[in-house]
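Here's the letter readout for the chains.
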Amino acid sequence: MPEADLAAAVDDVLSIDPEEFQSAVDADAEVIKSGLREGTFDNSQAIVGLEYEFYAVANPAEDPWTTGAEDGGTLKRVPRRLLELIGFEKELGLHNAEMTLSPQPLNSYGLAAQEAEVNARLSAAQERTRAEGMQLVSDGLWTIPPEGESARSYLTDSIEDRGVRIASNMSDSVRYHAMANTEAADDVGLRIDAPHVSLQDDTVMPESLITSIQPHYQVPQAIDLPTYFRYALRIAGPLLALGVNSPFFPPDLYDDDATAEEILADGWMEHRISVFETSLNPPDADRGEGKVRFPHDLEHVEQAVDRIARDDTLVPMPVDPGNGFDDEFAHFRLKHGTYWRWVRPVFGGGTRSQANARIEFRPLPAQPTVSDSVAFQAALAGLLESLPRVEHPVADLDWADARENFYAAMQKGLDADLRWITNSGEETTDTETLYADLLDHAADGLERRGLSDTEIENYLWPLRQRARHELTPARWKRREVKQRLDDGASFEDAVYGMQRRYLERQHDSLIGGSFTDWLDDREW
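In this text the structure is predicted, and so the values were computed from the model without any measurement.

Turning next to unusual backbone geometry. One non-glycine residue, E391, lies in the positive phi region at around 50°. A relative accessible area of 66% means that E391 is categorised as exposed. At E470, a position not held by glycine, the phi torsion is positive, near 50°. Tracing the backbone shows E470 in the loop between α15 (453–469) and α16 (473–486). For E470, a relative accessible area of 39% gives the class partly exposed.

Written out as structure tokens, the structure reads:
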């Protein structure tokens, strides 16, 4: 969309009356609550889904990747025509691409179909993108800016068109641009605040540093959503600790006086969490406060609807009329789009027979390989199948402890002292005990859905290996950087070298491989 048209579209959005929009949201909320009472959102078929985000980088001069490649890996803008050609969706930044999988039944065939769909679509997309000198990357946070540019300038470049601030490297999504121009913009951080990193922007572009996977799990009876939600909050910290994958920022974003030793000592294992929170929460919000936060437990399912409806509205969006079932609450759906919680309820369905209540699990960064990403999807689904049915006592873990687990996992990964209650009622902070119990119940849930022992082991093996070896992608990255620093490299060269090694290993293992194949890179 030309900048002039984009500015006009933003103006149109900003002219929408917030009170009228909220009134429509409230009316839609009553439609949903009425449907909940009637059982409309009950759907006994177990269904899973996945959203998968990528970013694009330049291929090295000699593609494929070879050990010691000193070029390639720089961030690349993806032409819109190419996104349409490969069937991916635009996301926040021009370098982003998102794949939304077709929902599938939670059984052997459904999980296999989801993995096959990722592999098929991604393989076809990589063929197209490589022809244009780029490849899609599955990662948590990019670190090498576009060639000839700094990360700071790429994130902060913007223009003003007739009083409307337009980010130069943001997609033409009107909602994202409107966030920086609304009267509520003072309630949006537009910044990054992390150890030895501080950046202030005029738009929400800092969020485009990060990429994630977002598994979905459909609950059978909507009235039971609070129970599943409670368990999802208790497993958020442990699963995040296994999945951490963003320990570094682009080097030019660090403070000038920060040393490599200080960055390694003070840095967190999953900076993606803090980037999302500080980009979109009010500047004076404490961690865990604001629109992006770890949510509280639910007392009843209608409370989930009310929380979404009453959440602060940043940008009232226009509603396009439609004939689908979820068009009956279209304003509510738009409001839900900025209901940013690390675990959030979803009410939807294209037709009345497809109506469902589900849980969207948002803590996880994109993983080094497809099989690792699918492993987390399978583990989440298995856990939410098993824990409520066996009435696992971890439900009694205090909410404050579950929240503390989440932010401890963000900071320390598997080094965090996470609190857990085992199936026998034992309270523990022992990592081995926690993950033995967690993954055994993930296996139990998958067995309940008809998966064979071999299939279960194949899905959960990557996560068992991480727990057994205490090795996560973030720890791999930190050791790669540390080794290069010990060999005399500058911090920038160490981070870039690590990132290129990540891309090299991913080139060979993204489809059909596993992060466990990377264990031979160092003495672990």
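Relative to the helices and strands, I213 resides in strand β9 (residues 213–218). With 102 residues separating them in the primary sequence, I213 and V315 have C-alpha atoms 25 Å apart. Not counting residues up to four positions away in its chain, the partners in contact with I213 are L50, E51, Y52, F361, L364, P365, A366, Q367, S373 and F376.

The subject of this paragraph is the pairing of strand β6 (residues 164–167). Consecutive side chains of a regular strand alternate in pointing toward one face of the sheet and then the other. By the bridge criterion, 4 bridges tie strand β5 (residues 158–161) to β6 in an arrangement that is antiparallel. Following the sheet pairing, D161 is matched in β6 by V164. In this antiparallel pair of consecutive strands, β5 and β6, the connection spans 2 residues, and R162 shows a positive phi of 55°.

Okay, the side chain of T278 next. Position of T278 relative to the elements: it lies in helix α9 (residues 271–280). Residue classification places T278 among the buried positions, given a relative accessible area of 12%. Among the polar contacts listed, one links the side chain of T278 to the backbone oxygen of S274, at a separation of 2.8 Å. Those residues in contact with T278 that sit more than four places away from it in its chain are G189, L190, R191, I192 and D193.

This paragraph deals with the packing of α16 against helix α17 (residues 491–509). Between α16 and α17, whose axes approach to 8 Å, the crossing angle comes to 130°. When the axes of α16 and α17 are compared, the pair comes out oblique. In this structure, α16 crosses over α17, and the sense of that crossing is right-handed. Touching W476, K477, E480, V481, R484 and L485 of α16 are F491, D493, A494, V495, G497, M498, R501, Y502 and R505, all from α17. Classifying every residue of the contact of α16 with α17 by side-chain character gives 8 nonpolar, 1 polar and 6 charged.

Conventions we followed
- Residues numbered from 1 in each chain as written.
- Predicted model: local features only at pLDDT ≥ 70, side-chain atom pairs only at ≥ 80, totals over all residues.
- Heavy atoms only, no water.
- Buried < 20%, exposed > 50% of the residue type's maximum accessible area, 1.4 Å probe, protein only.
- Helix = DSSP H or I, 4+ residues; strand = E, 2+ residues; numbered from the N terminus.
- Contact = heavy atoms within 4.5 Å.
- Pairing = 2+ DSSP bridges.
- Polar contact = N/O pair within 3.5 Å; in protein donor to acceptor, adjacent residues only side chain to side chain.
- Axes fitted to C-alpha atoms, helices over the stretch in contact; angles between N-to-C directions.
- Parallel < 35°, antiparallel > 145°, perpendicular 65-115°, else oblique.
- Left-handed = near helix turned anticlockwise from the far one by under 90°.
- Nonpolar A, V, L, I, M, F, W, Y, C, P; charged D, E, K, R; others polar.

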